[in-house]
Amino acid sequence: MKKKTHEGNFVTIDIGSVSIKAVVLEINAKTKRLVTVEEEKYAAPLLNREDEQSKVIVVKALKRIYERLSSYKNITIGALYSSRELQVKILDLPQQIQADVLEKTLNWEARKMLSASYKDAPYSYSYKIIRNNPFSVVLSVVPDSLLKKHIDLFKSAGIKLNGLYPEVYSGAALLGMADITGLPAVSVVNVGYVGTHLQIFSAGELKFYRYIPSGMSEMSAKPTAAELEVYSQKIRFSFDYFRAVSKLNQIDLLSFMGGGAASEGFLPYEQSYFSPTKINALDVSSGIDIAAVMSKAHNEAVTAEAKQNFILSFIPAIGGSLAASAGDSDKMNLIAQMTAREKERLYENFVNKMPVYAAVGIVLTALVVSFAYKGLIDEKISEQRNQIAIQKQKAIELESEGEIMKDKNGRPIQILKLSGKLGKILNPVVERPDISVALARVRILARENGITPEEILVKTEAEASFINLPASEATSNNSELKKEESETNPYLSSLEQTEMGEQELASSIDGEVCIIKGLGSDASCVAEFAKRLVDASAGKQRKKGPLLRIVSVASRQTPKGTEFLIKGVLP
């Protein structure tokens, strides 16, 4: 069954290090036709496209190529995007991840993928669903600052950009035209000037992607056998790694595209180097009508090999147009996803500030009413008192130390303990409103369900996997020893029996997994509490819980009741 596609004229612009290439692809219900291709070469290769001089060169070239495209009507303009900071990952998600929490899960995964240089920077991500049950997803994430710089190039050239698509979606769209379901492993390699994009498909699904920072800039104009061998070894290393993790014996088909693949002697060398794997230049003519472009660019005397080499450098852009026309193009489109994230952030910011706006509004309303409608003052005051009572009740629920922050024996429950030495590390975490509110709601739900929380931790996913319920025997036999240790070390937890340095501690508290250890009257009480941590609905009122999902629940029966340890993902 064919997937739904959009119809129209799709333009994709590919900004490279040697030139800018553009294609116009006409797509309708009956056919896909390559209308034209355009190329604007630079005077010299741009090895660093971030400096101001290079930006000026790129903008001028974009203007010239756009002038030649302006004669085409009703076009949707997109572009390919590639960057060293663009992180791509293929995620095979657990069975319990459903469609309603997919976006939140991907957002959480995207944040973890950012490099150390952009760990706390705003970011955007796009994705493509490979399989629905369970979800298998290709996820791409890039810092907003770099994304906006790339978009600004098109704005400076007077081009309204509708979409921006990471290179990985181009390759997936191109191979989607061919029937590869019968082949165990197929690879598509885009050979560029400064970098190489490598993808591997198994049984028709994308299983592996890697950007190799190596390309034709490291070789002569006519590559030597030694240069090609060094380059081919880097591709082979990726294949070896894939075979090791996938248990497949070999790559059955290796298809090359991009300007580098058209270099003299490149394909014959690869055919020899990777034998017995079948090697070819990626052919799109079976799924796209390219006759008009080929006849315009070449006469009949030109060899078939020359025609093939001509089209190779434009194939990545053709894949971009196919991605832009796909039914799920908005998910792959970084511009659409960045716009959606910005709207979400604006809404969250508005919601967070709503109490302030409401307070100012109440004061202004009271003043207007007092001057214009003196007869309604008593009624307005009564309404304001009701609002104050509601807010006061919410404050009591969030701040009541006596009921929420103490266990049955009257001892305080410690979530985080601050000190002068480590306050600089801990204070920013405590002040994070999203975690603070979530933890407060956990304590409220515990009180409502008759649960006594004894310890609440916030950990990274890796750290949380090593935390379990302490052995009951050790707990009873070494209580005096633990008491003595806890007095000497205020950071000692019954769940972790190690001391931490400042860097370790900062890493441990800046986590995403909430760990709750406590005591309930019986197993059903604990089960209801765990359920409400994700779904806090009461009656007909639907309300999400403080946790995104539950990772695990461990419990055991004790003389005091049911002791439990719950691990859940914070939003």
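Residues numbered from 1 in each chain as written. Predicted model: local features only at pLDDT ≥ 70, side-chain atom pairs only at ≥ 80, totals over all residues. Heavy atoms only, no water.

**Q** Summarise the packing of aromatic side chains; cite the residues concerned and give the values.
**A** Enumeration over the complete set of coordinates arrives at 10 aromatic pairs. An angle of 50° between the planes, with centres 6.0 Å apart, marks the rings of phenylalanine 208 and tyrosine 241 as tilted. Taken together, the residues span a long stretch of sequence, with phenylalanine 208 in strand β11 (residues 205-212) and tyrosine 241 in helix α5 (residues 225-246) at a distance of 33 residues. According to the relative accessible area criterion, phenylalanine 208 is buried, its value standing at 8%. Joined through ring pairs, the aromatic side chains of Phe239, Tyr269, Tyr273 and Phe274 make up one cluster. Seen from the ring of tryptophan 108, lysine 112 lies directly overhead, with NZ or CZ sitting 4.3 Å from the centre. (Phe/Tyr/Trp six-rings, centres within 6.5 Å; stacked < 30°, edge-to-face > 60°. Helix = DSSP H or I, 4+ residues; strand = E, 2+ residues; numbered from the N terminus. Buried < 20%, exposed > 50% of the residue type's maximum accessible area, 1.4 Å probe, protein only. Lys NZ or Arg CZ within 6 Å of the ring centre and 35° of its normal.)

**Q** I'd love a proper account of the nonpolar core, names of residues and values included.
**A** Burial of nonpolar side chains together is a common tendency in soluble globular proteins. With 94 residues, the main nonpolar core has Ile13, Leu34, Leu62 and Phe256 as its most contacted residues. Excluding residues that lie within four positions of it along the chain, leucine 62 makes contacts with Ile13, Ile15, Ile20, Leu153, Phe154, Ala157 and Ile159. One finds Cys514, Cys525, Phe529 and Leu570 within the second-largest nonpolar core, a separate group that totals 21 residues. (Core = buried A, V, L, I, M, F, W, Y, C linked by side-chain atoms within 4.5 Å. Contact = heavy atoms within 4.5 Å.)

**Q** Can you tell me about helix α1 (residues 52-69), naming the residues and giving the values?
**A** Compared with the 26 Å implied by 1.5 Å per residue over 18 residues, the 26 Å span of α1 between its first and last C-alpha is a close match. Among the residues making up α1, those that are buried are Ser54, Val58, Val59, Ala61, Leu62, Ile65 and Leu69. Looking at the packing, one finds that the buried side of α1 touches β1 (8-15), β2 (19-27), β3 (32-41), β4 (75-81) and α3 (144-156). N-cap assignment for α1: the residue whose side-chain oxygen lies 3.3 Å from the backbone N of glutamine 53 is aspartate 51. (Expected span 1.5 Å × (residues − 1). Polar contact = N/O pair within 3.5 Å; in protein donor to acceptor, adjacent residues only side chain to side chain.)

**Q** Would you mind going over unusual backbone geometry in detail, with residue names and values included?
**A** Residue proline 134 is bonded to the preceding asparagine 133 through a cis peptide linkage, with omega at -5°. Along the chain, the position of proline 134 falls in the loop between β6 (123-132) and β7 (135-143). Following serine 275, the chain continues into proline 276 via a peptide bond in cis, with omega recorded as 10°. Relative to the helices and strands, proline 276 resides in the loop between α6 (266-273) and β13 (278-281). Positive phi, close to 50°, is recorded for asparagine 74, a residue that is not glycine. Along the polypeptide, asparagine 74 turns up in the loop between α1 and β4.

**Q** Give me the side chain of aspartate 144: which residues, what numbers.
**A** Looking at the element boundaries, aspartate 144 is found in helix α3. In this structure aspartate 144 comes out as buried when scored by relative accessible area, which is 4%. A distance of 2.5 Å separates the side chain of aspartate 144 from the side chain of serine 124, its partner in a polar contact.

**Q** Hey, could you go over the packing of helix α4 (residues 167-175) against helix α9 (residues 315-325) for me, with residue numbers and the actual values?
**A** Helices that pack against each other are described as a pair by the angle of their axes relative to one another and the distance between those axes. As a packed pair, α4 and α9 sit with axes 7 Å apart at the nearest point and diverge in direction by 85°. The angle between the axes of α4 and α9 places the two elements in the roughly perpendicular class. Two secondary-structure elements touch here, α4 through Glu167, Tyr169, Ser170, Ala173 and Leu174 and α9 through Ile315, Pro316, Ile318, Gly319, Gly320, Leu322 and Ala323. (Axes fitted to C-alpha atoms, helices over the stretch in contact; angles between N-to-C directions. Parallel < 35°, antiparallel > 145°, perpendicular 65-115°, else oblique.)

**Q** Outline the sheet that holds β7, listing residues and values.
**A** An order of β5-β7-β6 is seen for the 3 strands of this open sheet, with the pairing classed as antiparallel. Across the chains shown, the open sheet's two edge strands, defined by having one partner strand only, are β5 (87-92) and β6. Direction aside, neighbouring strands of the sheet carry axes that sit 15° apart on average. Sheet topology places β6 next to β7; 9 bridges connect them, and they run antiparallel. Paired with lysine 128 across the strands is valine 138, a residue of β7. The sheet contacts of helix α2 (residues 102-113) involve β5, β6 and β7, and relative to β6 the element is tilted by about 125°. Packed onto the sheet, α4 meets β5, β6 and β7 and runs at close to 145° relative to β7. (Pairing = 2+ DSSP bridges.)

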